[in-house]
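Per-entry structural report
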Amino acid sequence: MSDLWRLSAVELAARIRKREVSAREAAQSALDRLDAVNPAINAVVDHRPEEVLAQAAGVDAALARGEDAGPLAGVPVTVKVNVDQAGFATTNGVRLQKDAIAAVNSPVVDNLRRAGAVILGRTNTPAFSLRWFTSNALHGHTLNPRNPALTPGGSSGGAAAAVAAGIGHLAHGTDIAGSIRYPAYACGAHGLRPSLGRVAAYNAALPERSIGGQLTAVSGPLGRSIADLRLGLAALAAPDARDPWWVPAPLTGPEVPKRAALCLNPDGMDTQPAVVKALQEAARRLSEAGWSVDTLDTLPPLQEAADLQIRMWLADGYEAMVAAAEKEGDRGALVALAGQRDKAAAADLASFSAVLTRRATLTRLWELFFTDYPVLLLPVSAELPFPDQLDLQGDAAYARVWRAQMTQIGIPFMGLPGLSVAMGSAMSGAGPSPVGVQVVAGRYREDLCLAVGEIIEAAAPAIGIAEPAAR
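Remember, it's a predicted structure, so these values are computed and weren't measured experimentally. (Residues numbered from 1 in each chain as written. Predicted model: local features only at pLDDT ≥ 70, side-chain atom pairs only at ≥ 80, totals over all residues. Heavy atoms only, no water.)

**Concerning the pattern of salt bridges**
Using the criterion set out here, one finds 21 salt bridges in the structure. With its nearest N and O atoms 3.4 Å apart, the salt bridge here joins Glu51 to Arg48. According to the relative accessible area criterion, Glu51 is partly exposed, its value standing at 32%. Note on Arg48: relative accessible area 26%, which makes it partly exposed. Between Lys98 and Asp99 there is a salt bridge, with its nearest N and O atoms 3.2 Å apart. For Lys98, a relative accessible area of 44% corresponds to the partly exposed category. Taken together, the salt bridges that share partners define one network made up of Glu281, Arg284, Arg285 and Glu288. (Salt bridge = Lys/Arg side-chain N within 4 Å of Asp/Glu carboxyl O. Buried < 20%, exposed > 50% of the residue type's maximum accessible area, 1.4 Å probe, protein only.)

Laid out in structure tokens, this is it:
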């Protein structure tokens, strides 16, 4: 079997553009890797090899004609099952949508294809993309390729599991409350949640999203190197008129002072020692690269932002969500929705307007913070990746999960970008566990997140590809 699947997206695209290898060879290598390891983890739940090879042949033909095949020329990439890909069902992990066949691509898929990517397959998500664990009755259960006792994360659990196991060189994910950053953290990969409006999104196969979803959900890349994320973001961020929230912000902003903040226990978060150690190590690497890093005990409100984020996301159409989850019969979705009933139920126009009003205030406070500290280091989670399906093990376990994820939930309320940077492994009660840190910056300053991520990444060995055991 060809080992082209091992290459970074950056290196593979360069080799294909130089015609040192063909896109078809790269696609076949990716398909072989998928066949070899996907049965053990169930990360990719829908793919058509003949279409994959046809896409690759198109890239090779363009190169043969002397055309520019794009920055992702021939790179195999996965996309999540909650975005439209023409001819495929936009299932979002639910049986209710198994026949929602997309007639046209979403902007995400179109932009990847325009950049030359080859769409390798579609990755799993929990039902309705509601959990930090990935299983559903339609596509089954996705396992963590580094340790099957741990969650692969969610909702982009299939995306993170795939890229960590070498199935595709980049993965597309979505993030409404941590759904890119947490799977990357759990699977030992990198994942970038862009700012609201950075990446165009729209699913013609489904009803228009309510305003809460429009203001909270974004698409972004997961990968095995920060350079690959940078390449993936540039491709995804191309304009598309179908998304009224898309913003023509430059991918690189003005220079800023090399000054960062480190907060180990934001709003009193009970951060585990292994996570604290990773954050302190990230701060040390940044300091050695010439940045000043101040440890802060106080930040603009984050717990409040997390509480309001849940309200804005779930209260807008909460009863309809519950009715759909009951019809689907998915236990995980029902548990997730029931656990947030106090925040989400019985919202009226006045209370929802108050949330939106407070959003402006908190966004202002955070943007002012970033004028003093352009970059912030935070926990991704207060804990190492959870034992798989922990949220279904009773009320106390459910509360523990949501409490630990506060930093992931709060950041989207202000529309901020956040980068989950993998930092090796630590020991947990379930055995070896990935660990990482979160890098946050002001709106549309993904470039600062990526620059700091590259410094942290460069001081350690490259991310290894997981070899999941057969099941």
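**Quick word on unusual backbone geometry**
Here the residue pair Gly154 and Ser155 is connected by a cis peptide bond, since its omega of 5 degrees sits within 30 degrees of zero. Along the chain, Ser155 turns up in the loop between β5 (140–141) and α5 (157–164). Not every positive phi belongs to a glycine, and Phe128 is a case in point at roughly 65 degrees. For Phe128, the location among the structural elements is in the loop between β3 (118–123) and β4 (135–136). (Helix = DSSP H or I, 4+ residues; strand = E, 2+ residues; numbered from the N terminus.)

**What to know about the nonpolar core**
Membership of the largest hydrophobic core comes to 148 residues, with the highest contact counts inside it found for Leu376 and Leu377. Top contributing element to this core by residue count: helix α2 (residues 23–41), with nine residues. Residues contacting Leu376, with those up to four places away along its chain left out, are Ala261, Cys263, Leu299, Trp366, Phe369, Phe370, Gln438, Val439 and Val440. (Core = buried A, V, L, I, M, F, W, Y, C linked by side-chain atoms within 4.5 Å. Contact = heavy atoms within 4.5 Å.)

**Quick word on the state of the cysteines**
If you walk through the whole model with that rule in mind, you get zero disulfides. Free of any disulfide, Cys263 has its nearest neighbouring cysteine sulfur in Cys449, separated by 16 Å. (Disulfide = S-S within 2.5 Å.)

**Re the packing of aromatic side chains**
Using the criterion set out here, one finds nine aromatic pairs in the structure. Ring geometry for Tyr182 and Tyr185: centres 5.9 Å apart, planes at 35 degrees, overall tilted. With a gap of three residues between them, Tyr182 and Tyr185 both fall in helix α6 (residues 181–187), about one helical turn apart. Each member of the pair, Tyr182 as well as Tyr185, carries the same accessibility label: buried. Summarising the aromatic geometry, the rings of Trp366 and Phe370 are spaced 5.9 Å apart at their centres and angled 40 degrees between planes, so their arrangement reads as tilted. Remark: Phe370 and Trp366 occur in helix α14 (residues 349–372); sequence separation between them is four residues, near one turn of the helix. (Phe/Tyr/Trp six-rings, centres within 6.5 Å; stacked < 30°, edge-to-face > 60°.)

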